[in-house]
Amino acid sequence: MTSRDFRVALMIVAAVVFVGWAIGYGIGVMTKPATVVAPAPPTQPLKAEHRKRPTKITTATGAQLPGYSDVYVNDYVDLLTDEAEERIRAKFIELYDRTGVEMTLLTIQDMGFYGHSGDIRSFATATFNEWGVGNATRNDGVLILISRYDREMWIALGDGYDSSWDARMQRVVDNGFLPWFRADQYEAGLEKGTDETVREVSGVYPGQWDAGSFQRGVSWLWRKIQAIGHGLLGLVLVPIGGFVWWLRKYMRNRPRPCTHCGAMMERAGEEAEDAHLDGGQQLEEYLKSVDYDVWHCRSCGHMDINRYRSWFSGYGACPQCNYRTLSTTSTVLSAATKSSTGRKRVDYDCKHCGHHDSEVRTIPKLSDSSSSGGSSRSSFGGGSSSGGGAGGSW
């Protein structure tokens, strides 16, 4: 790249960054949510009364605490739609089935409803111990408590977690829950926050227990990009995408000297290109798996043929002729079930040389986590907490 090319590149980068910042800022302004938190608890009846009605229990010391009707989600303030509640419940069931960890979510209107005037940490710890969240031996339970109108939350941890887990949970609170709560997007905050809590505890995001390392890495990266926010997302992605697109186009179309005589070369048109491509190369262009540019030097007659592979082509390289004209099709021979693996045949066919090959692959068993013991639980395992965890306010 010459000094002139470098200066041009810097000017393009600066322009793209400015445009990306403008677009990102505009999106951030347009998508900024309005404040919707009511100044007092709502007076309308709670939905699904048989399951949502707040209950009180009295401890041996006479204190009042929330009761539970479900071991996974007790949304007493209707922060979640029924669909969102079921999604969170499914995550917690999956976590229990995979690891044995009991995680539960509780939302209340305020602690004063239960006669509590202290901090949320002591209230959450008392509730945790009264319910007995977690395995009694491992003490690995997790309680996520949201007190909406106190605008506070706490993640209470069982005694099986050492003190280093407090900082880990604080990151979950600060990055997973509070940014959404401060924008009054409670359902989104609870879904994103519970995802991050499950991931912190288990090392795996919900629904990815059977995913490969690459898929998990991509998912983690995408979640982090989403967490940046609408405005900053545009600020980051638009300049990067624009620069990559410009750089690829510039490097492909830039003027270039002949490597033999030093004279400037000329690029041939599409019709002239075909005269210098063989049958396989022309087929690759037809299938849009590869694109070719032909450059020639009028001075010495030297010619360069440059090959550009398509990023999104479904064709692979043929092992026989080496052209990217190999198609792949799959046929299920026997479907997988929860008790047995399945089989599928993968056929490879080259549209250029006629090469054909087949292989039979095993289809993994279907996951049976949705039908395992976690979904039938009705009580906790007897765990206890000494006050570990983390919290925050908004």
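Residues numbered from 1 in each chain as written. Predicted model: local features only at pLDDT ≥ 70, side-chain atom pairs only at ≥ 80, totals over all residues. Heavy atoms only, no water.

1. Thoughts on the side chain of Glu285
So, step 1. Here Glu285 shows up in helix H10 (residues 279-287).
So, step 2. Although Glu285 lies buried, it forms no salt bridge, and the closest oppositely charged side chain, Arg252, sits 6.0 Å away as judged by the N-O distance.
So, step 3. A polar contact of 2.8 Å, which involves the side chain of Glu285, links it to the backbone nitrogen of Tyr292. (Helix = DSSP H or I, 4+ residues; strand = E, 2+ residues; numbered from the N terminus. Buried < 20%, exposed > 50% of the residue type's maximum accessible area, 1.4 Å probe, protein only. Lys, Arg positive; Asp, Glu negative; His and termini not counted. Salt bridge = Lys/Arg side-chain N within 4 Å of Asp/Glu carboxyl O. Polar contact = N/O pair within 3.5 Å; in protein donor to acceptor, adjacent residues only side chain to side chain.)

2. Concerning the nonpolar core
So, step 1. One finds Leu105, Ile144, Ile146, Met153, Ile155, Phe181 and Leu190 to be the most contacted residues of the largest nonpolar core, which totals 54 residues.
So, step 2. Among the secondary structure elements, those contributing two or more residues to this core are helix H3 (82-99), strand S4 (103-108), helix H4 (120-131), strand S5 (142-147), strand S6 (152-157), helix H5 (164-181) and helix H6 (186-202).
So, step 3. Per-element tally for this core: the top contributor is H5, with seven residues.
So, step 4. Apart from residues no more than four positions distant in its own chain, Leu105 is found in contact with Tyr72, Val73, Asn74, Leu80, Ile88, Phe92, Ile144, Ile146 and Leu190.
So, step 5. Membership of the second largest hydrophobic core comes to seven residues, among which are Leu326, Val346, Tyr348 and Cys350. (Core = buried A, V, L, I, M, F, W, Y, C linked by side-chain atoms within 4.5 Å. Contact = heavy atoms within 4.5 Å.)

3. Here's the deal with the sheet that holds S6
So, step 1. The mixed open sheet is built from five strands, whose spatial order is S3-S4-S5-S6-S13. In this open sheet, the two strands that pair with only one neighbour each are strand S3 (73-75) and strand S13 (389-393). Pairs of neighbouring strands in the sheet enclose a mean axial angle of 10°, with direction left out of account.
So, step 2. In terms of strand pairing, S3 meets S4 through three bridges, oriented parallel. Bridging across to S4, Val73 finds its partner in Leu105.
So, step 3. In this fold H4 packs onto S3, S4, S5 and S6, with an angle of close to 135° to the strand it touches most, S5. (Pairing = 2+ DSSP bridges. Axes fitted to C-alpha atoms, helices over the stretch in contact; angles between N-to-C directions.)

4. As for the packing of aromatic side chains
So, step 1. For the structure on display, the rule yields twelve aromatic pairs.
So, step 2. Taking 5.0 Å as the distance between ring centres and 70° as the angle between the ring planes, the aromatic pair formed by Tyr161 and Trp165 counts as edge-to-face.
So, step 3. Taken together, a centroid distance of 5.9 Å and an interplanar angle of 55° make the contact between Phe177 and Phe181 tilted. Remark: Phe181 and Phe177 occur in helix H5; sequence separation between them is four residues, near one turn of the helix.
So, step 4. Phe177 gets classed as buried once you look at its relative accessible area, which sits at 0%.
So, step 5. Each member of the aromatic cluster is reached from another via a ring pair, and the members are Phe177, Phe181, Tyr186 and Trp394. (Phe/Tyr/Trp six-rings, centres within 6.5 Å; stacked < 30°, edge-to-face > 60°.)

5. Regarding the confidence of the model for the protein chain
Reading predicted coordinates in detail is not appropriate for stretches of low pLDDT.
So, step 1. The predicted model of the protein chain averages 83 in pLDDT, with 79% of residues at 70 or higher.
So, step 2. A low-confidence stretch, residues 27-48 stays under pLDDT 50, and its non-local contacts, those more than four residues away or across chains, total 30 contacts.
So, step 3. Low pLDDT, under 50, characterises residues 368-372; the stretch is placed with eight contacts to residues that sit more than four places away or in other chains. (pLDDT = per-residue confidence, 0-100.)

6. As for the packing of H5 against H6
When two helices pack together, their arrangement is given by the angle between their axes and by how far apart the axes lie.
So, step 1. At a minimum axis separation of 7 Å, H5 and H6 run at an interaxial angle of 160°. Classified by the angle their axes make, H5 and H6 are roughly antiparallel. In the crossing of H5 with H6, the sense of the turn from one axis to the other is right-handed. Contacts from Trp165, Arg168, Met169, Arg171, Val172, Gly176, Phe177, Trp180 and Phe181 of H5 reach H6 at Tyr186, Ala188, Gly189, Leu190, Lys192, Gly193, Thr194, Glu196, Thr197, Glu200 and Val201.
So, step 2. Its residues placed into classes, the contact of H5 with H6 shows ten nonpolar, five polar and five charged. (Parallel < 35°, antiparallel > 145°, perpendicular 65-115°, else oblique. Left-handed = near helix turned anticlockwise from the far one by under 90°. Nonpolar A, V, L, I, M, F, W, Y, C, P; charged D, E, K, R; others polar.)

7. Focus on the sheet that holds strand S9 (residues 303-309)
So, step 1. Spatial ordering of the open sheet is given by S7-S8-S9, a layout of three strands whose pairing is antiparallel. Sheet topology places strand S7 (266-267) and S9 at the edges, where each strand pairs with a single neighbour.
So, step 2. Its contacts with the sheet place H10 against strand S8 (290-296) and S9, and it is angled at close to 125° to S8.

8. A word on the pairing of S8
So, step 1. The buried fraction of S8 amounts to five of the seven residues, a majority that puts the element mostly inside the structure.
So, step 2. With two bridges joining them, S7 and S8 adopt antiparallel strand pairing. The residue bridging Arg267 from the neighbouring strand is Trp295, located in S8.
So, step 3. One ladder, built from seven bridges, connects S8 with S9; its direction is antiparallel. Paired with Val290 across the two strands is Arg309, which belongs to S9.
So, step 4. What sits between S8 and S9 in their antiparallel hairpin is a turn of six residues, with Gly301 showing a positive phi close to 85°.

9. Here's the deal with H5
So, step 1. Compared with the 26 Å implied by 1.5 Å per residue over 18 residues, the 25 Å span of H5 between its first and last C-alpha is a close match.
So, step 2. Remark: the principal bend of H5, roughly 30°, maps to Val173.
So, step 3. For H5, every residue scored as buried is listed here: Trp165, Met169, Val172, Val173, Gly176, Phe177, Leu178 and Phe181.
So, step 4. Buried residues in H5 make contact with S5, S6, H6 and S13. (Expected span 1.5 Å × (residues − 1). Bend = angle between axes of the 7 residues up to and from the residue.)

10. Observations regarding the packing of H3 against H6
So, step 1. At their nearest, the axes of H3 and H6 sit 10 Å apart, and the two run at 5° to each other. Relative to H6, the element H3 lies roughly parallel. Every residue of H6 that contacts H3 at Ala84, Arg87, Ile88, Lys91, Phe92, Leu95 and Thr99 is listed here: Glu187, Leu190, Glu191, Thr194, Asp195, Val198 and Ser202.
So, step 2. A breakdown of the residues in the contact of H3 with H6 according to their chemical character gives six nonpolar, three polar and five charged.

11. Notes on the pairing of strand S12 (residues 356-363)
So, step 1. Taken together, the eight bridges between strand S11 (residues 342-350) and S12 define a ladder with antiparallel strand orientation. Directly across from Gly342, in S12, lies its bridge partner Ile363.
So, step 2. Between S11 and the antiparallel strand that follows it, S12, lie five residues; Gly354 among them carries a positive phi value of about 80°.

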